[in-house]
There are 2 protein chains.
Amino acid sequence: MAQLEVSDFAQAVIDRMGECRDERFKQVMTALVKHAHAFMREVDLTPEEWMAGIQFLTATGQKCDERRQEFILLSDTLGISMLTVALAQARGAKGLDAHPGEMPTEATVQGPFFWPGAPKLDLGADIGEGYGEPTLYHGRVTDTSGQPLAGCELDVWSGDEGGLYDMQKGDSMSLRAQFQTDQDGNYRFWSIKPTFYPVPGDGPVGAMLDKMGRHLNRPGHMHMMLNAPGHEKLVTHIFVKDSPYLDSDAVFGVRNSLVVDFPKHGPGKAPDGRAMSKPYYTAKYDFRLVPSAG
Amino acid sequence: MAQLEVSDFAQAVIDRMGECRDERFKQVMTALVKHAHAFMREVDLTPEEWMAGIQFLTATGQKCDERRQEFILLSDTLGISMLTVALAQARGAKGLDAHPGEMPTEATVQGPFFWPGAPKLDLGADIGEGYGEPTLYHGRVTDTSGQPLAGCELDVWSGDEGGLYDMQKGDSMSLRAQFQTDQDGNYRFWSIKPTFYPVPGDGPVGAMLDKMGRHLNRPGHMHMMLNAPGHEKLVTHIFVKDSPYLDSDAVFGVRNSLVVDFPKHGPGKAPDGRAMSKPYYTAKYDFRLVPSAG
């Protein structure tokens, strides 16, 4: 029997898939094995380093529970999540030739803090009461040809004025809600101006980032998820233009088109008619959704 | 700010390590990120596939406990463990020019069933009593120039006649022991002729192998770990020459030089003087250890 040498093992693993019936799975596993082995050969990985890797992956899996997903955090901080988002957006853009109009709004990472089933509130509701600096979020949702999308579901969530999410504090839901656009595709709600914050650093991924010499911070952002019938779901953020860490987001999620001015206003009547007795911010953003494929 | 495109994310992650003070860690992480991103781009991984990967890794971590290491099983079945062994052996061979003589005995995977602290027994002891087909293991341990190594510690372990290890059965220790070579470097002990067996298939890795269209089996083998003062530790197996699956070991661990004849003998006096009332096998293997580096 031919003896496998260092450069042969990857192909030997791939050859073992002769009876794999899922062509796509076979393609993905082939590339995965090829790159994993090439990585090992390239750095001439030692048994001690291999064991450190085994222990890191095990600890990462064991850190996960109902409210903590350390593998997503790993993926986020190594740019893997954002690359997945960017690949999906690039695939979507290829299908757009049939749809004249502008490019759809850019997507970014969902992150680990989405919590399905947030309260369904009327447009204009304030979900930031009792937290941070009040901000009116408003704008319009259209398709890529500019047609308004009525009844588009808009899920929004953010951390508090210290950058902590309800899930992290072990609280019930706060600073999150679901809205629906009106007949003209408009939305508006009040929340807070989000602040920068660190990703959770008390697990294996935090130790890895520390060893990489990296900070843990994300620039301030409001999460938005849009679902309109007949259109692709959009998961994105609105980033605060003057936030620190815009140029070094720990999860590489910033897209230039998502960075938004948050002008500050003195007390008085806000654009939605609300009488404000203290200063507030506004953030205007219009979304463009792409029609569903097929 | 320049916008990151699909092909830019890997370098952006790597550039974030400007303050990493561990040059080797930086080198390993750079290659890891480069290959992980190249893999993703090559297969144009979808968000659904990414999520399947997150869930697989999480389940693999959560399957691990004191007696089960599912990430090592993953590494084993993707050829990663054996590549680590082969890389270490190749590095060791580079240092051998100063040591005239024969090549050292080939290493193979340790596997998940080593249990430190096995009973220390006298040469010639039988650890297979009550299990399977009796086999006399014997041979000599030398260095690569042929000098016998006295007092070399020899850890041996195997599954039972059904291929199950004590750990898998939840039993106390069985079919494992530690011996020491005598003044002339010789060893001998009785155990059983090992049979082929499947790696554990009830976890995420089993599901992966099933989807890859692969069987779970390893050919019959006796685990051996050798420790001699002033020499590199050797972790290896002796494989049974007539075993099924020698050409398709689920963990890619077979080395030609480790495949050994197990001749069968009728009842009578065995080579070590033991009177056998039933048929038995013998397996002779001489080990060569490489001097420690430095």
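All values derive from a computational prediction rather than experimental measurement.

Visitor: How should I be thinking about the interface of chain B and chain A in this particular structure?
Guide: One frequent convention defines the size of an interface as the accessible area lost when the parts assemble. On the chain A side, the residues contacting the 76 residues of chain B number 76 residues. Across the contact surface, chain B and chain A share 8 salt bridges. The partner of K211 of chain A in a salt bridge is D22 of chain B, with the nearest N and O atoms 3.8 Å apart. Linking chain B to chain A there are 31 residue pairs in polar contact (both at pLDDT 80 or more). Those elements that provide at least two residues to the side of chain B that touches chain A are α1 (9-15), α2 (23-43), α3 (47-63), α4 (70-77), α5 (80-94) and α7 (204-212) of chain B.

Visitor: Is there a simple way to think about the UniProt feature "domain: Catechol dioxygenase N-terminal" (unreviewed entry) in chain A in this case?
Guide: Within the UniProt annotation, "domain: Catechol dioxygenase N-terminal" (unreviewed entry) is assigned to residues 22-92 of chain A. Taken end to end, residues 22-92 of chain A is 83% helix and 0% strand, and its first and last C-alpha atoms sit 24 Å apart.

Visitor: Please explain the UniProt feature "domain: Intradiol ring-cleavage dioxygenases" (unreviewed entry) in chain A as it appears in this structure.
Guide: According to UniProt, the positions carrying the feature "domain: Intradiol ring-cleavage dioxygenases" (unreviewed entry) are residues 111-265 of chain A. A distance of 31 Å separates the end C-alpha atoms of residues 111-265 of chain A, which is 8% helix and 32% strand.

Visitor: Where do I start with the sheet that holds strand β2 (residues 153-157) of chain A in this structure?
Guide: The strands that make up a sheet pair up through hydrogen bonds in the backbone, lying either parallel or antiparallel. All names here are of chain A. Read across the open sheet, the 5 strands follow the order β3-β2-β7-β8-β9; overall the sheet is mixed. In this open sheet, the two strands that pair with only one neighbour each are β3 (176-180) and β9 (259-260). Across 5 bridges, β2 lies against β3 in antiparallel orientation. Residue pairing in the sheet places D155 in a bridge with Q178 of β3.

Visitor: Before we go on, may I ask you to explain the relation of the copies chain B and chain A in this structure?
Guide: Think of it as a corkscrew move, a rotation about one axis and a shift along it, taking one chain copy to the other. Least-squares fitting of chain B to chain A yields an RMSD of 0.0 Å, with the transformation described by 0.0 Å of translation along the axis and a rotation of 180°. As the rotation angle and translation indicate, the two copies are arranged about a two-fold axis. In terms of C-alpha distance to the rotation axis, chain B has G61 of chain B as its closest residue, with the C-alpha 2.0 Å off the axis. A shared interface surface links the copies, since 100% of the contact residues of chain B are contact residues in chain A too.

Visitor: Quick question: what am I supposed to make of the packing of α3 of chain B against α7 of chain B here?
Guide: Residue and element names in this part refer to chain B. Where α3 contacts α7, the two axes come as close as 9 Å, and the packing angle between them is 135°. Taken together, α3 and α7 sit at an angle that is classed as oblique. Contact with α3, carried on its side by F56, A59, T60 and K63, involves P204, V205 and M208 of α7 and no other residues of that element. Its residues placed into classes, the contact of α3 with α7 shows 5 nonpolar, 1 polar and 1 charged.

Visitor: What is the right way to read the side chain of H223 of chain A from this model?
Guide: Residues and elements named next belong to chain A. Of note, H223 is situated in strand β7 (residues 221-227). Separated by 3.1 Å, the side chains of H223 and H221 make a polar contact. Within polar-contact distance, the side chain of H223 engages the side chain of H237 at 3.5 Å. Not counting residues up to four positions away in its chain, the partners in contact with H223 are Q110, D155, V156, W157, Y165, Y197, T236 and H237.

Visitor: Quick question: what am I supposed to make of the side chain of T77 of chain B here?
Guide: Counting through the fold element by element, T77 of chain B comes out in helix α4. Classification of T77 of chain B by relative accessible area gives buried; the value is 0%. If we ignore the near neighbours within four places in the chain, the residues touching T77 of chain B are V13 of chain A together with V205, M208, L209, R214, A250, V251 and F252 of chain B.

Visitor: Just checking my understanding: could you explain the state of the cysteines for this structure?
Guide: A disulfide bridge is the covalent bond that connects two cysteines by way of their sulfur atoms. In the structure shown here, the tally under the stated rule is 0 disulfides over all chains. Its sulfur unpaired, C64 of chain A is 12 Å from the next cysteine sulfur, which belongs to C64 of chain B. Exposure remark for C64 of chain A: the relative accessible area of 8% places this residue in the buried category.

Visitor: Can you help me understand the domain arrangement of chain A in this one?
Guide: Along its sequence, chain A is organised into domain 1 (1-45) and domain 2 (74-289). Computed over C-alpha atoms, the centres of domain 1 of chain A and domain 2 of chain A are 40 Å apart.

Visitor: What's the story with α3 of chain B in this structure? I'm lost.
Guide: Residues spaced three or four apart along an α-helix point in a common direction, a consequence of the helix completing one turn every 3.6 residues. The terminal C-alpha atoms of α3 of chain B, which comprises 17 residues, lie 24 Å apart, in line with the 24 Å expected from a rise of 1.5 Å per residue. For α3 of chain B, the full list of buried residues reads W50, I54, T58, T60 and G61 of chain B. Down the axis, α3 of chain B shows its buried residues gathered within 160° of arc, on one side only. Buried residues along α3 of chain B sit against α3 (47-63), α4 (70-77) and α5 (80-94) of chain A together with α4 and α7 of chain B.

Visitor: Can you walk me through the pairing of β2 of chain A in this structure?
Guide: On a regular strand, one side chain projects to one face of the sheet and the next to the other, so that they alternate. Residue and element names in this part refer to chain A. Among the 5 residues in β2, 4 count as buried, and that is most of the element. Across 5 bridges, the pairing between β2 and β7 is antiparallel. Looking across to β7, one finds that L154 is bridged to L226.

Visitor: What am I meant to see in the packing of aromatic side chains here?
Guide: What characterises a pair of aromatic rings is the spacing of the ring centres plus the angle enclosed by the ring planes. All told, the structure shown has 23 aromatic pairs over all chains when counted by the stated rule. When the centroid spacing of 5.0 Å and the interplanar angle of 65° are considered together, the rings of Y285 of chain A and F287 of chain A count as edge-to-face. There is no split in this pair, since Y285 of chain A and F287 of chain A are both buried. With centroids separated by 5.4 Å and ring planes inclined at 80°, the aromatic side chains of Y165 of chain B and Y197 of chain B adopt a geometry described as edge-to-face. Of this pair, Y165 of chain B sits in the loop between β2 (153-157) and α6 (166-169) while Y197 of chain B sits in strand β5 (residues 197-198), and the two are 32 residues apart along the sequence. Its relative accessible area of 4% is what places Y197 of chain B among the buried residues. Feature note: the residues Y137, F179, Y187, F189, F262, Y285 and F287 of chain A constitute an aromatic cluster, connected by ring pairs. Here the basic side chain of K211 of chain A rests over the ring of F25 of chain B, its NZ or CZ set 4.8 Å away from the ring centre.

Visitor: Looking at this structure, how should I read unusual backbone geometry?
Guide: Peptide bonds are, in most cases, trans, and in most cases residues other than glycine have a negative phi. All names here are of chain A. Although it is not a glycine, D44 adopts a positive phi angle of roughly 50°. Counting through the fold element by element, D44 comes out in the loop between α2 (23-43) and α3. What makes D44 partly exposed here is its relative accessible area of 23%.

Analysis parameters
Here the residue numbering is sequential within each chain, running from 1 through the sequence in written order. Here chains are named by letter from A upward and ligands by number from 1 upward, in the order in which they appear as written. Per-residue local features of the predicted model are confined to residues with pLDDT of at least 70, and side-chain atom pairs are confined, for both listing and counting, to 80 or more; whole-chain, interface and lining totals are unaffected and use all residues. With hydrogens and water set aside, each side-chain value is computed from the structure's full complement of heavy atoms. Whether two residues are in contact is decided by their heavy atoms: any pair within 4.5 Å suffices. Within this document, salt bridges are pairs made up of a side-chain nitrogen of Lys or Arg and a carboxyl oxygen of Asp or Glu, the two lying within 4 Å of each other. Pairing of N or O atoms within 3.5 Å defines a polar contact, subject to two protein rules: one partner must be a possible hydrogen donor and the other a possible acceptor, and residues neighboring in sequence count only if both atoms are side-chain atoms. Numbering of helices and strands runs from the N terminus; a helix is a DSSP stretch of H or I covering at least four residues, while a strand is a stretch of E covering at least two. UniProt positions are given in the numbering used here, feature names are shortened, and annotations may be inferred rather than shown by experiment. Note on pairing: DSSP must find at least two bridges between two strands before they are called paired. We superpose the copies by least squares over the C-alpha atoms of residues that have a pLDDT of at least 70 in both of them. All axes here are fitted lines through C-alpha atoms, helices being fitted over the stretch that makes contact, and every angle between N-to-C directions spans 0 to 180 degrees. Oblique is the label for any angle not covered by the other classes, which are roughly parallel (under 35 degrees), roughly antiparallel (over 145) and roughly perpendicular (65 to 115). The classification used treats Ala, Val, Leu, Ile, Met, Phe, Trp, Tyr, Cys and Pro as nonpolar, Asp, Glu, Lys and Arg as charged, and all other residues, Gly among them, as polar. Buried, partly exposed and exposed residues are distinguished by accessible area as a fraction of the type maximum, computed with a 1.4 Å probe on protein chains only: under 20%, between the cut-offs, and over 50%, respectively. We call a pair of cysteine sulfur atoms a disulfide when they lie within 2.5 Å. What fixes the domain bounds is an automatic or database domain assignment. Multiply 1.5 Å by the residue count of a helix minus one, and that product is the helix's expected span. This arc describes the spread of directions from the helix axis toward the C-beta atoms. Two rings belonging to Phe, Tyr or Trp (six-membered ring only in the last case) form a pair when the distance between their centres is within 6.5 Å. Interplanar angles under 30 degrees mark stacking, angles over 60 mark edge-to-face geometry, and anything in between is tilted. Charge-over-ring contacts are defined here by two conditions on Lys NZ or Arg CZ: a distance within 6 Å of the ring centre and an angle within 35 degrees of the ring normal.

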